[in-house]
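Report on the structure
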Amino acid sequence: MTKKICTFCVMDTSASNIKFDKSGQCNYCKDFQKKLNTKKKNLDNIIKQIKINSKSKNYDCIVGLSGGIDSSYTLVKVVELGLKPLAVHLDNGWNSELAQNNIENLVKSLNVDLYTHVLDWDEYKSMMNSFFASDVLDIELLMDNAMYSINYKMAKKEKIKFILSGSNISTEGMNMPKNMNWIKFDKKNIKSIIKIFGNNKIKSYPAIGVFDLVKYILLNKIKWIHFLDYFEYKKDEAISILKSKYGFKPYEYKHYESIFTRFYQGYILPNKFNIDKRILHLSTLIVTNQITRNDALRILAQNPYSSSAQLNEDKEYFLKKMNWDESMLIKYINRPPKSHMNYPNSKYMYKILLKIYKLLKSSD
Ligand SMILES: [Zn+2]
């Protein structure tokens, strides 16, 4: 089956629920354009709020730092604006050396405290193996869930009311197609999958569930802020500032600061799940005028990996770290995918809570 592709961006029929209008433009980029035109956020206002609500002596906000461009630039901006951040980083064992160096350089030159939470590798590895055995799509749920959890936990512990993250509309604002990831707060799904496939319970892994999230938001009054949305955020400018002022070494593609993420997005997703997440990132950049559609098409025509040497290097690294042999990887890639819905999950609860939250928000 050939893919039909949007005439304005590069989203195609591999995205669930994609629809095209008469001119061939898709609902993803049209919705995104609408979102961009809604009211601009007020920076002075949020800075004031963060300073007023600070209950901690040492810090007035947390910055979740992955080592990627967006979160690193968030930290730079936060310091420039006179806030006192605590940088929080989650280490799941897959950080590239490049990312590690970038993080260290950055916090040192900005003179910011860094809290790094290191996940227990044996436990995390066994959880990853259960996820592989279950054939579900979102292996990164394990990383992202723990990342959210650690940020909220630290905020609560340090009595900090604001978590500033590098997630943003300008480079990530297009709606994620439902078939490309899973609800990041689905502790129930994580617990069920590791129970079924590893006969395991969570030991030290810091899971966060939908009700934990509700508690953090309503009881502890912790706000998660997409900080870069308060600026005219352009990725190229961010990279050049990070490079020239902080000796930052950029990654060849979005989210490639982690070796597993690179292997997952560049090899596992396209080969097992027929998904190339680059269409989403590139389309977002097209809509925000950061790249032309032709350049995006040119990039998409190339392999997600810059070279087969890099792919082989990452594959070797993955196999060794996971104690797999090549035949296990081939078998895994060839098995048909299964939905997260095949296992107990919080999807409906999450939907209900989200609806209530939106109602509450629109009434204040
Ligand atoms: Zn489109």
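Throughout this document, residue positions are counted from 1 along each chain, in the order its sequence is written. Restriction of local features to residues with pLDDT of at least 70 applies here, the model being predicted, together with a cutoff of 80 or more for giving and counting side-chain atom pairs; totals for whole chains, interfaces and linings are based on all residues.

What about the overall build of the chain?
Where we set the bar: Each helix corresponds to a stretch of at least 4 residues labelled H or I by DSSP, and each strand to a stretch of at least 2 residues labelled E; elements are numbered beginning at the N terminus. What the globule rule says is 2.2 Å times the number of residues to the power 0.38, and the radius of gyration is computed from C-alpha atoms. Partly exposed residues are those whose C-beta has more than 12 but fewer than 20 other C-beta atoms within 10 Å; 20 or more makes a residue buried and 12 or fewer makes it exposed, with C-beta atoms placed from the backbone. Contact criterion: two residues are in contact if their C-beta atoms, reconstructed from the backbone, are within 7 Å.
Looking only at helices and strands, the chain features 16 helices and five strands. Taking 364 residues into account, the globule formula puts the C-alpha radius of gyration at 21 Å, and the chain, at 20 Å, falls close to it. If one aligns the C-alpha atoms of the chain with their principal axes, the spans along those axes are about 55 × 50 × 45 Å. Here the chain holds 364 residues, and the buried ones make up 38% of them. Considering only contacts in the chain between residues 6 or more positions apart, those separated by 24 or more positions represent 76%.

Quick look at the nonpolar core
Rules: Nonpolar core, as used here: buried Ala, Val, Leu, Ile, Met, Phe, Trp, Tyr and Cys residues forming one set through C-beta atoms within 7 Å.
Residues Cys 61, Ile 62, Val 63, Leu 142, Ala 146 and Leu 164 are the most contacted members of the largest nonpolar core, which totals 65 residues. In terms of residues, this core owes the most to one element, helix H6 (residues 141–157), which gives nine residues. Val 63 has contacts with Ser 71, Thr 74, Leu 75, Val 78, Pro 85, Ala 87 and Leu 164, leaving out every residue within four places of it along the chain. Formed by 19 residues, the second largest nonpolar core is a distinct cluster that contains Ile 279, Leu 282, Ile 286 and Val 287.

A word on the sheet that holds strand S5 (residues 223–226)
Inclusion rule: Note on pairing: two strands pair once DSSP finds at least 2 bridges between them. Each axis is a line fitted through C-alpha atoms, and for a helix only the stretch in contact is used; angles between axes span 0 to 180 degrees, taken between their N-to-C directions.
Pairing is parallel in the open sheet, where five strands are placed in the order S3-S2-S1-S4-S5. Two strands close off the open sheet at either side, each with one partner strand: strand S3 (113–118) and S5. For this sheet, the mean angle separating the axes of adjacent strands, direction not counted, is 25°. Strands strand S1 (61–64), strand S2 (85–91), S3 and strand S4 (162–165) of the sheet are contacted by H6, whose axis makes an angle of about 145° with S2.

Observations regarding the environment of Met 127
The residue Met 127 is located in helix H5 (residues 121–134) in this model. For the pair Met 127 and Lys 77, spaced 50 residues apart in sequence, the C-alpha to C-alpha distance is 36 Å. Setting aside anything within four residues of it in sequence, one finds Met 127 in contact with Leu 142, Ile 194 and Tyr 205.

Side note on the packing of helix H3 (residues 69–80) against helix H10 (residues 235–246)
Our working rule: An angle below 35 degrees is read as roughly parallel, one above 145 as roughly antiparallel, one from 65 to 115 as roughly perpendicular, and any other as oblique. Each crossing gets its handedness from the near helix: less than a right angle anticlockwise from the far helix is left-handed, clockwise is right-handed. Only Asp, Glu, Lys and Arg are considered charged, only Ala, Val, Leu, Ile, Met, Phe, Trp, Tyr, Cys and Pro nonpolar, and every remaining residue, Gly among them, polar.
Here H3 crosses H10 at 65°, and the two axes come no closer than 10 Å. As far as their axial angle goes, H10 and H3 are roughly perpendicular. H10 is crossed by H3, and the crossing has left-handed handedness. Taking contact as the criterion, the partners of Ile 69, Ser 72, Tyr 73 and Val 76 in H3 are, on H10, Lys 235, Ala 238, Ile 239, Ile 241 and Leu 242. For the contact of H3 with H10, the residue count by class is seven nonpolar, one polar and one charged.

Points about the pairing of S1
Residues in a regular strand project their side chains so that they alternate between the two faces of the sheet. Spelled out, the test is: With its strands directed away from the observer, a crossover is right-handed exactly when the path from the first strand over the helix to the second travels clockwise.
In S1, alternate side chains face the same way, and those of Cys 61 and Val 63 on one face and Ile 62 and Gly 64 on the other are all buried. Here S1 runs beside S2; their pairing, made up of four bridges, is parallel. The residue of S2 that forms the bridge with Ile 62 is Leu 86. Taking the sense of rotation as the criterion, the β-α-β connection linking S1, H3 and S2 turns out right-handed. Note: S1 against S4, two bridges, orientation parallel.

Description of the pairing of S3
Judged from the six bridges that link them, S2 and S3 form a sheet pairing that is parallel. Bridging from a neighbouring strand, Ala 87 pairs with Leu 114 of S3. With helix H4 (residues 97–110) bridging S2 and its parallel neighbour S3, the resulting β-α-β unit is right-handed.

Just distances and angles here, no functional claims.
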